[in-house]
Amino acid sequence: MTGYTGQAPDTGIRRGEWVHRAPCRTKDPEIFFTTALVGEARSICRTCPVLEECHAWVMGVEAGLAEESRDGVVAGLTAAERAGLDPVAQSRRARTQETAAARVQQKTDTKPAPLKLAPRKPRRDPRPVPKCGTTAAMRRHQRLGEPLCDACRDARNERSRAKRYARQDRLVKEAWGRGLTDEGICTETGLSKIVVRRARQRQNLPANEETRRAA
Ligand code: SF4
């Protein structure tokens, strides 16, 4: 993950003027982070007036990252597609694959050890293959230079969603505690209105403007 915080684009990082013209600011961020909604995210990006700026930005901040460390649809591209366009990530992946293949070859080439007369120690059980959808399984895919399977990808998305929400909740609660309105929280945190509202709702925080109106 790149420090990408849940908005598409992440206004916490994307400070350029173009951010304010990004249509995704007013869309549900989950569209850009849900595998089943990739088509919808792409169609929003396709007509985006700042697609070029967004593309340049994301390729810059994610330069060299493995596919597993990228997240969501940005500039109309999935994490795998962006990694595929990044020469550094590609050569790293090729190296990993070569190393994995060399290891397999080495095992195949190794001659069986000569017979020893000493009694053999009982063999340890081979390490079980981790179940897909777990961190261990995701690391195994990475180690073997394999693309993530759907279960591991979903688990990875779920974890990054939880991190994103935690960060948004923390920012919003802190600004809300100082009596800021939703508008003020947006300006202060760089989050969009929809994200601020959802973060408040997750934490059962009433809108400060409504509380003032009622008083
Ligand atoms: S290209 Fe897509 S992700 Fe980038 S700013 Fe436009 S709508 Fe948002």
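Residues numbered from 1 in each chain as written. Predicted model: local features only at pLDDT ≥ 70, side-chain atom pairs only at ≥ 80, totals over all residues. Heavy atoms only, no water.

1. A look at helix H8 (residues 193-202)
Since one α-helical turn is 3.6 residues long, residues separated by three or four positions face the same way.
At step 1: Turning to H8, its buried residues number three or more, namely Ile194, Val195, Val196, Ala199 and Arg200.
At step 2: Immediately downstream of H8, the backbone of Asn204 shows phi near 55°, a positive value. (Buried < 20%, exposed > 50% of the residue type's maximum accessible area, 1.4 Å probe, protein only. Helix = DSSP H or I, 4+ residues; strand = E, 2+ residues; numbered from the N terminus.)

2. Description of the site of the ligand
At step 1: Among the 11 residues in the neighbourhood of the ligand, the closest are listed as Cys24, Cys45, Cys48, Leu51 and Cys54.
At step 2: Tallied by class, the residues present in the shell around the ligand amount to 11 nonpolar, no polar and no charged. (Near = heavy atom within 4 Å. Nonpolar A, V, L, I, M, F, W, Y, C, P; charged D, E, K, R; others polar.)

3. With respect to the nonpolar core
At step 1: Ranked by internal contacts, the top residues of the largest apolar core, which has 20 residues, are Trp18, Phe32, Val58 and Val73.
At step 2: Elements with a minimum of two residues in this core: helix H1 (38-46) and helix H2 (51-61).
At step 3: Counting 9 residues, the second-largest nonpolar core is a separate cluster that includes Ile185, Cys186, Ile194 and Val196. (Core = buried A, V, L, I, M, F, W, Y, C linked by side-chain atoms within 4.5 Å.)

4. Observations concerning the packing of aromatic side chains
At step 1: Under the definition given, this model contains 0 aromatic pairs.
At step 2: A cation sits over an aromatic face here: Arg164 above Phe33, 3.8 Å from the ring centre.
At step 3: Sitting over the ring of Tyr165, Arg202 keeps its end group 3.9 Å from the ring centre. (Phe/Tyr/Trp six-rings, centres within 6.5 Å; stacked < 30°, edge-to-face > 60°. Lys NZ or Arg CZ within 6 Å of the ring centre and 35° of its normal.)

5. Thoughts on H1
At step 1: Among all positions in H1, only Val38, Ala41, Ile44 and Cys45 are buried. Buried residues of H1 fall within an arc of 125° about the axis and therefore sit on the same side.
At step 2: The inward-facing, buried residues of H1 contact H2. (Arc of directions from axis to C-beta. Contact = heavy atoms within 4.5 Å.)

6. Here we look at the confidence of the model for the chain
At step 1: For the chain, per-residue confidence averages 83 on the pLDDT scale, and 89% of positions sit at 70 or higher.
At step 2: Within the chain, the element-level pLDDT minimum falls on helix H4 (residues 87-109), averaging 79, and the maximum on H1, averaging 95.
At step 3: Counting interchain partners and residues more than four positions distant, the pLDDT-below-50 stretch residues 10-14 has 18 contacts. (pLDDT = per-residue confidence, 0-100.)

7. Describing the environment of Gly64
At step 1: Looking at where Gly64 falls in the secondary structure, it is placed in the loop between H2 and helix H3 (79-85).
At step 2: For the pair Gly64 and Ala89, spaced 25 residues apart in sequence, the C-alpha to C-alpha distance is 4.7 Å.
At step 3: Those residues within four positions of Gly64 in sequence are excluded, and the remaining contacts are Arg70, Asp86, Val88, Ala89 and Arg92.

8. Regarding a positive patch on the surface
At step 1: On the surface, a cluster of positive charge is contributed by Arg103, Lys107, Arg124, Arg127 and Arg143.
At step 2: Inspection of the secondary structure puts Arg127 in the loop between H4 and helix H5 (135-143). (Patch = residues over 30% accessible without salt bridge, like charges linked within 9 Å, V, L, I, M, F, W, Y side chains within 5 Å. Areas by Shrake-Rupley, 256 points an atom, 1.4 Å probe, with all protein chains shown as cover. Salt bridge = Lys/Arg side-chain N within 4 Å of Asp/Glu carboxyl O. Lys, Arg positive; Asp, Glu negative; His and termini not counted. Charge placed at Lys NZ, Arg CZ, Asp CG, Glu CD.)

9. Digging into the pattern of salt bridges
Pairing between side chains of opposite charge can happen when their charged atoms approach one another.
At step 1: Across all of its chains, the model carries 16 salt bridges by this definition.
At step 2: Salt-bridge contacts for Glu30 lead to Arg161; the nearest nitrogen and oxygen are separated by 2.7 Å. Here Glu30 is found in the segment before H1, whereas its partner Arg161 is found in helix H6 (residues 150-177), with 131 residues between them in sequence. The same class applies to Glu30 and to Arg161, which are both buried.
At step 3: The partner of Arg200 in a salt bridge is Asp182, and the shortest N-O contact between them spans 3.0 Å. Within this pair, whereas Arg200 is found in helix H8, its partner Asp182 is found in helix H7 (residues 182-189), the two being separated by 18 residues in sequence. The same class applies to Arg200 as to Asp182, namely buried.
At step 4: What you see here is one network of salt bridges that share partners, running through Glu30, Asp71, Glu158, Arg161 and Arg164.

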